[in-house]
Amino acid sequence: MKILVAGGAGYIGTHTCVELIQAKYDVVVVDNLSNSKYDAVKRVEKITNTKIKFYQADCCDYKAMEEIFIEEKFDGIIHFAGLKCVPESVKVPLSYYNNNINSTLVLLELARKYNVRNFVFSSSATVYGNPKTLPLIEDCPLSATNPYGRTKLFIEYILEDFYNCNKDFNIAILRYFNPIGAHPSGLIGEDPNGIPNNLVPYVTQVAINKLPYLKVNGNDYPTKDGTGIRDYIHVCDLARGHVLALNKLSTNCGLVIYNLGTGLGYSVLEIIEAFNKVVGHPIPYKIVERRPGDIAACYADPTKAYKEIGFKAIYNLDDMARDAWNWQKNNPNGYNQ
Ligand code: NAD
Ligand code: WQD
């Protein structure tokens, strides 16, 4: 089975390529490298000892993508190619709508034209908005609180509309919770541009003294210690979830939606504690104001993915901290060695 991994040079895409290759899928990566480096693909080749076919192309470019579809004759598509920074999406919403939605439309149009009937989409727990009940099941009400989240929500609706008139397609919408960590080899990991927005890359950059201290955004939430609670999932577990989803699509299951999380919620202070242990010294932090738009708590009910595709996270928080730190330590400047 030959899989188009759109956005496959990125954080989750590279880890998924490793899992796909280890599960004997043929992988073709298309990425415009707008938020990644080709070196990441070379490192996946090193981990897997496999040559990867790579095209530098924009998934919004119908003509360029059509040539690739004709050349490669895919059996399935995993669509990671999106912009993902929430604060940036508030500043340049049209870029987010343009990139995230058009890339999906182009891929779907070509999937239909060239009969590539298996499609996996990277959605996000952000489509649950500010949850009224926890843990989150797939049937919980959906909403979005920022342009990035709205692109994910709109794309979910687009996929449903598309499926309703293309019932021979199989589509998996995967709602990721908070992916962190890195491949245990230390060769691939998260490589944010500039100052990280997300908690874990910020923590690891404080740990190697690139940043002076962590700002903990709020300790007055109605949670166990007042700080925000999230469902952090090891990126290798998440990556394996894509292989399981593809296996499910091969049973002609139609459109399916799964949460990919662990079901456990950890607070910001618990994350700091886990990193203190692996780093070997305390991570300096200060409590500051809440981050606008943040929610108190968000964690998955992962039961549906377990029952239907056999997905269960195997890495725990200590593993996630160990692997995130190992990546940061070995690659202090990410892929820019
Ligand atoms: P990432 O930025 O590391 O990877 C995305 C990749 O897509 C990058 O390599 C980028 O260069 C590429 N890309 C973007 N637009 C493109 C286009 N038009 N054509 C070709 N390539 C393009 O991000 P990630 O963390 O690996 O996330 C992958 C997907 O998962 C994204 O769609 C993201 O919204 C979604 N997601 C991520 C998280 C998270 O916390 N990381 C959580 C939920 C959902
Ligand atoms: C986690 C917790 C913060 C940074 C975001 C997107 C979401 C999804 C994943 C793609 C929160 C706290 C953070 C810091 C802090 N992406 N924090 N100091 O906000 O749950 O999710 O990434 O789909 O859409 O919104 O993740 O890592 O930014 O924050 O105290 O410097 O850490 O308040 O409680 P979040 P995060």
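Refer to the structure presented above.
Residues numbered from 1 in each chain as written. Chains lettered and ligands numbered in written order. Predicted model: local features only at pLDDT ≥ 70, side-chain atom pairs only at ≥ 80, totals over all residues. Heavy atoms only, no water.

**Observations concerning the pairing of strand E5 (residues 118-124)**
Moving residue by residue along a regular strand, the side chains alternate between the two faces of the sheet.
Reasoning step 1: Buried residues dominate E5, accounting for 7 of its 7 residues.
Reasoning step 2: By the alternation rule, side chains of E5 split into Asn118, Val120, Ser122 and Ser124 and Phe119, Phe121 and Ser123, which are all buried.
Reasoning step 3: Across 3 bridges, strand E4 (residues 76-79) lies against E5 in parallel orientation. Along E5, the bridge assignment pairs His79 with Phe121.
Reasoning step 4: Judged from the 7 bridges that link them, E5 and strand E6 (residues 170-176) form a sheet pairing that is parallel. From the neighbouring strand, Asn118 faces E6, where its bridge partner is Asn170.
Reasoning step 5: Read as a crossover between parallel neighbours, the route from E5 over helix H6 (residues 147-164) to E6 is right-handed. (Buried < 20%, exposed > 50% of the residue type's maximum accessible area, 1.4 Å probe, protein only. Helix = DSSP H or I, 4+ residues; strand = E, 2+ residues; numbered from the N terminus. Pairing = 2+ DSSP bridges. Right-handed = clockwise from strand over helix to strand, strands pointing away.)

**Things to note about the layout of surface pockets**
Reasoning step 1: Approximately 270 Å³ is the volume attributed to the second largest pocket.
Reasoning step 2: Lining the second largest pocket are 23 residues, with Glu190, Asp191, Pro192, Gln205 and Gln328 sitting closest to its centre.
Reasoning step 3: When contributions to the lining of the second largest pocket are tallied by element, the ones reaching two or more residues are helix H7 (199-207) and helix H11 (317-330).
Reasoning step 4: The greatest single-element share of the lining of the second largest pocket, amounting to 4 residues, is contributed by H7.
Reasoning step 5: Looking at the lining of the second largest pocket residue by residue, the class counts come to 9 nonpolar, 10 polar and 4 charged. (1 Å grid on protein atoms, 1.4 Å probe; cavity = no way out; pocket = protein on both sides within 12 Å on 5 of 7 lines; lining within 4 Å. Points joined across faces, edges and corners; volume = space filled by probe spheres on them. Nonpolar A, V, L, I, M, F, W, Y, C, P; charged D, E, K, R; others polar.)

**Describing the site of ligand 2**
Reasoning step 1: Near ligand 2, the surroundings consist of 19 residues, among which Tyr148, Lys215, Arg230, Arg291 and Asp294 are the closest.
Reasoning step 2: A distance of 3.0 Å separates an oxygen atom of ligand 2 from a polar side-chain atom of Asn198.
Reasoning step 3: When ligand 2 sits alone it has 690 Å² of accessible area, and the protein chains cover 86% of it.
Reasoning step 4: At the level of elements, H7 and strand E8 (214-217) are the ones that each hand at least two residues to the shell around ligand 2.
Reasoning step 5: With 4 residues, the single largest contributor to the shell around ligand 2 is E8.
Reasoning step 6: Taken together, the residues of the shell around ligand 2 break down into 8 nonpolar, 7 polar and 4 charged. (Near = heavy atom within 4 Å. Polar contact = N/O pair within 3.5 Å; in protein donor to acceptor, adjacent residues only side chain to side chain. Areas by Shrake-Rupley, 256 points an atom, 1.4 Å probe, with all protein chains shown as cover.)

**Things to note about the pattern of salt bridges**
Reasoning step 1: Under the counting rule described, the total for this entry stands at 17 salt bridges.
Reasoning step 2: The salt bridge involving Arg43 is made with Asp39; its shortest N-O contact spans 3.2 Å. With Arg43 and Asp39 both in helix H2 (residues 38-48) and 4 residues apart, the pair spans about one turn of that helix.
Reasoning step 3: Given the relative accessible area of 11%, Arg43 is considered buried.
Reasoning step 4: With a relative accessible area of 30%, Asp39 lands in the partly exposed category.
Reasoning step 5: With its nearest N and O atoms 2.8 Å apart, the salt bridge here joins Arg240 to Asp237. (Salt bridge = Lys/Arg side-chain N within 4 Å of Asp/Glu carboxyl O.)

**Considering the site of ligand 1**
Reasoning step 1: Inspection of the region around ligand 1 gives 27 residues, with Ile12, Asp31, Asn35, Ser36 and Tyr148 positioned closest.
Reasoning step 2: Ser34 places a polar main-chain atom, nitrogen or oxygen, 3.1 Å from an oxygen atom of ligand 1.
Reasoning step 3: One nitrogen or oxygen atom from the side chain of Ser36 is found 2.7 Å from an oxygen atom belonging to ligand 1.
Reasoning step 4: Here ligand 1, which alone exposes 810 Å², has 95% of that area covered by the protein.
Reasoning step 5: Those elements that place two or more of their residues in the shell around ligand 1 are helix H1 (11-22), E5 and H6.
Reasoning step 6: It is E5 that provides the largest number of residues to the shell around ligand 1, a total of 3 residues.
Reasoning step 7: Considered class by class, the residues forming the shell around ligand 1 number 12 nonpolar, 11 polar and 4 charged.

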